[in-house]
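Descriptive structure summary
Letter by letter, the chains look like this.
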Amino acid sequence: MSFFDAFLNWSVFVQTLPLLISGLTITIGLGLCAIVLGLIGGMLLALLRLYGPSPLRKIAIAYIDIFRAIPLLVLLVVVYYALPFAGLRFTPFTSATLALSLVSAAYSAEIFRAGIEGVPKGQFEAARALGLNAFRRMSDVILPQAIKLVIPPITSNSINVLKDTALASVVAMPDLLKQATQAQALAANPTPLISAALIYIVLLLPLVRLVGVFERRLAARGK
Amino acid sequence: MMAPIIDMKGVTKNFGGFRALDGIDLQVAEGEIVVVVGPSGSGKSTLIRCINQLEEHGGGTIEVDGHAVRKGANLTAIRAEVGMVFQSFNLFPHLSVLRNVALAPVRVRGLSWHEADARARKLLVRVGLEDQIEKYPAQLSGGQQQRVGIARALAMEPKVLLFDEPTSALDPEMVGEVLDVMQQLAKTGVTMIVVTHEMGFARKVANRVVFMDAGRIVEQGPPQTLFDAPRDPRLRSFLNAILSH
Ligand SMILES: Nc1ncnc2c1ncn2[C@@H]1O[C@H](COP(=O)(O)OP(=O)(O)OP(=O)(O)O)[C@@H](O)[C@H]1O
Ligand SMILES: [Mg+2]
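Presented here is an overview of the structure given in this document. Within every chain, residues take consecutive numbers counted from 1 along the sequence as written. Note on labels: chains are lettered from A, ligands numbered from 1, in written order. The predicted nature of this model means local features are confined to residues of pLDDT at least 70 and side-chain atom pairs, given and counted, to a pLDDT of 80 or more, with totals for whole chains, interfaces and linings taken over all residues. The side-chain figures draw on all heavy atoms in the structure; neither hydrogens nor water molecules are used.

Moving on to a nonpolar patch on the surface. All names here are of chain A. Patch definition: residues above 30% relative accessible area lacking any salt bridge, with like charges linked at up to 9 Å and the nonpolar side chains Val, Leu, Ile, Met, Phe, Trp and Tyr linked at up to 5 Å. Areas reported here follow the Shrake-Rupley algorithm with a probe of radius 1.4 Å; residue values treat only the protein chains shown as occluding. For this document, the term salt bridge refers to a Lys or Arg side-chain nitrogen within 4 Å of an Asp or Glu carboxyl oxygen. Together, Phe 3, Phe 4, Phe 7, Leu 8, Ile 194, Leu 198, Ile 201, Leu 205 and Val 208 give the surface a local cluster of nonpolar side chains, amounting to about 840 Å² of exposed area. Put simply, DSSP H or I for four residues or longer makes a helix, DSSP E for two residues or longer makes a strand, and each gets a number counted from the N terminus. Put simply, the parts of the chain that give the nonpolar patch at least two residues each are α1 (3–7) and α9 (191–222). It is α9 that contributes the most residues to the nonpolar patch, five residues altogether. The exposure class assigned to Leu 198 is partly exposed, which follows from its relative accessible area of 48%. Buried means the residue's accessible area, taken with a 1.4 Å probe over protein chains only, is under 20% of the maximum for its type, while exposed means over 50%, and partly exposed covers the values in between.

Moving on, we come to the side chain of Glu 165 of chain B. All names here are of chain B. In this fold, Glu 165 is placed in the loop between β7 (160–164) and α6 (172–186). His is not counted, nor are the chain ends; Lys and Arg add positive charge and Asp and Glu add negative charge. Lys 44 provides the closest opposite charge to the buried, unpaired Glu 165, separated from it by 4.5 Å. Filtering out sequence-adjacent residues up to four positions away, Glu 165 remains in contact with Lys 44, Gln 87, Val 195 and His 197. The criterion used for residue contact is that any of the two residues' heavy atoms lie within 4.5 Å.

All names here are of chain B. Of the strand pairs in this sheet, strand β1 (residues 6–15) and strand β2 (residues 18–28) are connected by eight bridges, and their pairing is antiparallel. Within β2, the residue paired with Asp 7 across the bridge is Gln 27. Strand pairing is assigned whenever DSSP detects at least two bridges linking the two strands. Hairpin geometry of β1 and β2 is characterised by an intervening segment of two residues between the two adjacent antiparallel strands and by a positive phi of about 60° at Gly 16.

Residues and elements named next belong to chain B. Judged by how many residues are buried, strand β9 (residues 208–213) sits mostly within the fold: six of six residues are covered. When strand β3 (residues 33–37) meets β9, the two strands line up parallel, connected through four bridges. The partner of Val 36 across the bridge, within β9, is Val 210. Note: β9 against strand β10 (residues 216–221), five bridges, orientation antiparallel. Bridged to Met 212 within β10 is Ile 217.

Glancing now at the interface of chain B and chain A. Taken residue by residue, the interface counts 21 residues in chain B and 18 residues in chain A. Here chain B meets chain A over a buried area of about 1,700 Å², counting both sides, of which 61% is carbon and sulfur. Linking chain B to chain A there are two salt bridges. Arg 49 of chain B serves as the salt-bridge partner of Glu 125 of chain A, at 2.7 Å between the closest nitrogen and oxygen. In protein, a polar contact means a hydrogen-donor-capable atom and an acceptor-capable atom, both N or O and within 3.5 Å, with residues adjacent in sequence counting only if both atoms are side-chain atoms; elsewhere, any N or O pair within 3.5 Å suffices. Counting the contacts that link chain B with chain A gives five residue pairs in polar contact (both at pLDDT 80 or more). Broken down by secondary-structure element, the contributors of at least two residues to the side of chain B that touches chain A are α2 (75–80), β6 (82–85) and α3 (97–107) of chain B. In terms of residue class, the side of chain B that touches chain A is made up of twelve nonpolar, five polar and four charged. Using a 1.4 Å probe, buried area is obtained as the accessible area two parts lose upon being combined, added over both of them. When residues are grouped by polarity, Ala, Val, Leu, Ile, Met, Phe, Trp, Tyr, Cys and Pro land in nonpolar, Asp, Glu, Lys and Arg in charged, and all others, Gly among them, in polar.

Structure (structure tokens):
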């Protein structure tokens, strides 16, 4: 069998493409859900960690540390295979979204915290001196500036979340990787796997480039 | 005499073990222009920052227009009546000049954007920036930025204006334009407390000059008396140092 027949077999590719596309939609759907939930959770955690009353602040710190320490794959397996013993049974999609966003929230929280702390002290003081309340100080003055600072690392983190969706194939999630392995078994040919790898790259490469662009733009503004 | 608009009694403030304010008694009447001078580190900034609680004081009492200023008090309401102009301007870089000025009237006073923009325009004309309204702070010179800073504070129609070395970060050729605006302002009857090293301004505009050293008010009085007949040796050496450079 020639190299092309084995790894880049056109007819296998065409046959399995629908399967791969259905996997890709799930990968993207899962990725987007986890990213959005992770961002919301991360922002809440960051605000709690910085400004929450002491007990909540400690809980936020503990959460952030624990979920950055636990390997995502382990968490995923725990959520899907262990929680049912406690009566908590989730679909593969829910389990994967949960595990991904719980971890992403912890990382996002640290990024947002660094962003908020990166806003100059004078901005907080000017906002306070004008009589703005705590909510308005954040929403109108601090967060718009902090978010500009965190766009590159948040994009980076989102790339990681998208990549980590592939781990969901271990909980029988029919995502791109899972579909590709299944298609390879059906076709007895690795072309679907190679295709899936290429699809991941095509999906993520522009985002990786984008991070670089954002970083340069931010650096240029800082000068 | 009418009740003072600012009333500080025995105010102290420590930073760690360091005593930055050591028993400050200061009463400022409505409409009065008080200039605060003193060597670096004497506590001038700390004093005015306690008035709007950017710094929390330790001991003593502070009242603004009869309202006690302390932790847990309704600080946003008090701050709404006390405008502040910073040495480093602290304009909001993500907002246009107009929105810098209009923001607090909308968010704190409950004006509509339409009303607040109109108020902001008027004030920006008053400080000579009618052509810069749509620009962003980074596009302005230091002197222009500081005039926006003044307009921003004025937009809240505060009872008291605090200035912390408003011209110290400016290139010399821009100091005049900011002092001119402040001098105009002084004629409007607003109460002003100004920390500055601009002795010419103090002489022309101040009703009273307060000299601080090591966290205390050492001497105070009308500018002529204080500058031309200083009694305390610390004030004398401070004035000598300033005049000799
Ligand atoms: N946040 C802080 N933490 C610790 N020490 C502080 C802090 N802020 C001020 N200080 C100290 O308190 C003293 C008074 O400071 P303050 O800024 O009020 O002086 P100042 O008279 O305004 O001086 P300058 O003319 O240099 O602005 C200084 O010795 C300063 O080092
Ligand atoms: Mg100072």
